[in-house]
Amino acid sequence: MTHSRKMGLAVAQMGPLHLADSRGAAVARLMEMMREAKSRNADLVVFPELALTTFFPRYWMSEEAACDAYFERAMPNAETQPLFDLARELQIGFYLGYAELTPEGRRFNTAILVDKGARIVQKYRKIHLPGHSDHKVDAPFQHLEKKFFEVGDLGFTVADAMGATIGMCICNDRRWPESWRSLSLQGAELGLVGYNTPSWNIHWKEPVHLRMHTHLIALQASAYQNAMWIGAAAKCGAEDGFHMIGGSVIVAPSGEIAAQSSTEEDEVIFANIDLALGDTFREHVFNFAKHRRPEHYTLITERTGAGPAVKGPE
Ligand code: CDT
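(A) Local environment of the site of the ligand. Taken together, 13 residues sit near the ligand, with Lys126, Cys171, Asn172, Arg175 and Thr197 positioned nearest. The side chain of glutamate 145 places a nitrogen or oxygen atom 3.1 Å from a nitrogen atom of the ligand. Within the side chain of arginine 175, one N or O atom sits 2.6 Å away from an oxygen atom of the ligand. Here the ligand loses 85% of its free accessible area of 350 Å² to cover by the protein chains. Counting atoms within 2 Å of the grid points, the majority share of the ligand lands in the second largest pocket. Within the shell around the ligand, the residues separate by chemical class into three nonpolar, four polar and six charged.

(B) Summary view of the nonpolar core. Ranked by size, the top nonpolar core spans 45 residues in total, and within it Leu44, Ile166, Leu190, Ile250 and Ile273 carry the most contacts. Leaving out residues up to four positions away in the same chain, isoleucine 166 has contacts with Met7, Leu44, Leu113, Gln122, Thr157, Val158, Ala159, Ala161, Leu190 and Leu192. Counting residues in hydrophobic clusters, the runner-up holds 30 residues, among them Ala10, Leu52, Leu96 and Ile112.

(C) A look at the sheet that holds strand β4 (residues 107–114). Strand order across the open sheet formed by six strands is β5-β4-β3-β2-β1-β14, with mixed pairing between neighbours. The two strands at the open ends of the sheet, each matched to only one other strand, are β5 (120–125) and β14 (267–274). Averaged over neighbouring strand pairs, the angle between their axes works out to 25° when direction is ignored. Where strand β3 (residues 93–101) and β4 come together, eight bridges link them in antiparallel fashion. Bridging across to β4, glycine 97 finds its partner in alanine 111.

(D) Geometry of the packing of aromatic side chains. Under the defined criterion, the tally for this structure stands at twelve aromatic pairs. A ring pair is formed by phenylalanine 56 and phenylalanine 148, whose centres lie 5.8 Å apart and whose planes are at 50°; its orientation type is tilted. Separated by 92 residues along the polypeptide, phenylalanine 56 in the loop between β2 (44–46) and α2 (63–70) and phenylalanine 148 in helix α4 (residues 145–148) bring together distant segments of the chain. Taken as a pair, phenylalanine 56 and phenylalanine 148 share a single burial class, namely buried. On the numbers, 5.9 Å between centres and 70° between planes, the contact of phenylalanine 141 with phenylalanine 242 is edge-to-face. With phenylalanine 141 in the loop between β5 and α4 and phenylalanine 242 in strand β11 (residues 242–244), this residue pair connects regions lying 101 residues apart in the sequence. Each member of the aromatic cluster is reached from another via a ring pair, and the members are Phe56, Tyr70, Phe71, Phe148 and Phe149. For arginine 125, the ring lying beneath its charged end belongs to phenylalanine 108, and the centroid distance is 4.2 Å. Between arginine 292 and the ring centre of phenylalanine 288, over which it is positioned, the NZ or CZ distance is 5.8 Å.

(E) The environment of leucine 192, seen in detail. Turning to its location among the elements, leucine 192 is positioned in strand β8 (residues 190–195). Once the C-alpha coordinates of leucine 192 and valine 158 are considered, the two residues, 34 residues apart in sequence, prove to be 11 Å apart. Among residues more than four places away in sequence, those in contact with leucine 192 are Leu44, Val46, Tyr95, Leu113, Ile166, Gly167, Met168, Cys169 and Gly231.

(F) Focus on the layout of surface pockets. In this structure, the largest pocket spans a volume of roughly 510 Å³. Pro177, Arg181, Arg292, Tyr297 and Ile300 are, among the 25 residues lining the largest pocket, the residues nearest its centre. Taken together, the residues that form the lining of the largest pocket break down as twelve nonpolar, eight polar and five charged. Roughly 390 Å³ of internal volume is contained in the second largest pocket. Forming the walls of the second largest pocket are 19 residues, and the residues nearest its centre are Pro130, Asn172, Arg175, Asn201 and Arg211. Here the residues of the lining of the second largest pocket are counted per class, giving seven nonpolar, eight polar and four charged.

(G) Inspection of the pairing of strand β6 (residues 158–161) at higher detail. Burial along β6 is one-sided: Ala159 and Ala161 are buried, while Val158 and Asp160, pointing the other way, are not. Two strands pair when backbone bridges link them, and β6 and strand β7 (residues 164–170) are joined in this way by four bridges, in the antiparallel orientation. Among the inter-strand pairings, alanine 159 is bridged to a residue of β7, identified as isoleucine 166. The antiparallel pairing of β6 with β7 creates a hairpin that spans two residues between the two strands, and methionine 162 there sits at a positive phi of about 50°.

(H) Quick look at the side chain of asparagine 172. Structurally, asparagine 172 can be placed in the loop between β7 and α5 (177–184). Polar side-chain contacts of asparagine 172 include one of 2.9 Å to the side chain of tryptophan 176. When residues no more than four places from it in sequence are discounted, the contact partners of asparagine 172 are Lys126, His128 and Pro130.

Cut-offs and rules
- Residues numbered from 1 in each chain as written.
- Predicted model: local features only at pLDDT ≥ 70, side-chain atom pairs only at ≥ 80, totals over all residues.
- Heavy atoms only, no water.
- Near = heavy atom within 4 Å.
- Polar contact = N/O pair within 3.5 Å; in protein donor to acceptor, adjacent residues only side chain to side chain.
- Areas by Shrake-Rupley, 256 points an atom, 1.4 Å probe, with all protein chains shown as cover.
- 1 Å grid on protein atoms, 1.4 Å probe; cavity = no way out; pocket = protein on both sides within 12 Å on 5 of 7 lines; lining within 4 Å.
- Sits in = over half its atoms within 2 Å of the grid points.
- Nonpolar A, V, L, I, M, F, W, Y, C, P; charged D, E, K, R; others polar.
- Core = buried A, V, L, I, M, F, W, Y, C linked by side-chain atoms within 4.5 Å.
- Buried < 20%, exposed > 50% of the residue type's maximum accessible area, 1.4 Å probe, protein only.
- Contact = heavy atoms within 4.5 Å.
- Pairing = 2+ DSSP bridges.
- Helix = DSSP H or I, 4+ residues; strand = E, 2+ residues; numbered from the N terminus.
- Axes fitted to C-alpha atoms, helices over the stretch in contact; angles between N-to-C directions.
- Phe/Tyr/Trp six-rings, centres within 6.5 Å; stacked < 30°, edge-to-face > 60°.
- Lys NZ or Arg CZ within 6 Å of the ring centre and 35° of its normal.
- Points joined across faces, edges and corners; volume = space filled by probe spheres on them.

Coordinates in, geometry out; function isn't part of it.
Next up, the structure:
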C-alpha cells in the first residue's frame, strides 16, 4: 500500500512577449502568476523557456547584438531580483528559463530550479538545440538556436527539492526519449520543461495541427514510460506576428493530462499531484532494475545517426 505524497504544482503559461516589452514587464507578469499559483496552494510554479524576452532566435543578428539585448550576465540580477524576493516571501519554488551569458562569454539556453528560500538548487543548459546557424533568407523567420547557443555542458541531473526528486529539460529536449530516461534513471519523480514552439515549420510543409499533436504525444508518452509527472510551460501566441503553440500541461505518470491551458495568454494551471502515483508504475511495469536490458541498448550511446544493420547470430 503506497501512501500519497501530495505536491501543489502550478504551470504558468505566458502569452506573447513582444520585441518592445521590457524585462521589467516580463517579470511583473511572472510575479502576478506566481501570486496566483500560491493562492492555489502551489509549492512550485513552472515558467517557460526564455521567459524574460521574446523568442529572439527567430531574428537574424550578430551574436554580440543578441548578447546585448537578450542575454543575462547574472542570475538573479537587478531585473529578476523581485521575482526571487517574492518567491522567498510566498515560500514557493520556481523553474525559470533564460538566455545565460557566462563570465567567460559562453552562451547557453538555460533553466534554473529555485527553492522556497529563493536559492538556485539546480541549473540545466539545453542539450538538444534545434534549428540552424545560417541565415535562411527565404524563410518567414529564423530558428537560430545553433548560432546563439552552445550545447549544454551540465548533462541531465536531478535535485531533491520541494519534497520531490526533480529533473529539468528545455523545449526540444522533450521530443527525445533519452532526455527523460536520463532523468528517470536518477529517480526523477517530476520533470519540468519550458518551451517556445513556433506553429509553422520553416523546413517542410507540416500541417499546423501536428505541432500540438507531437508536443502532447511526446509529453504523454514520456511521462508514462518514465513513471514521472511532467509540468510543461509554453510561451505562446503571436509574438510580433510570429505564432507559437500553447498547450501547457501537467501530465501524470499514467500518461493522462491532469491539467491543460485553454488560452494563448498568461494562464496558470494547477494540479495537486500525488508523487506516489509514480511509485506504482516504478514498482511494476517500469521497474527498471528488474526489466531493463541495457546490454541490448548499446547502440543508443555508440551511435548518433542511424547506421547499418547489426548482424545477429547466423
Ligand atoms: N525552442 C525550441 O526548442 N523549439 C523547438 C522547435 C522545433 S520544431 C520541431 C521545439 O522542439 O518545439
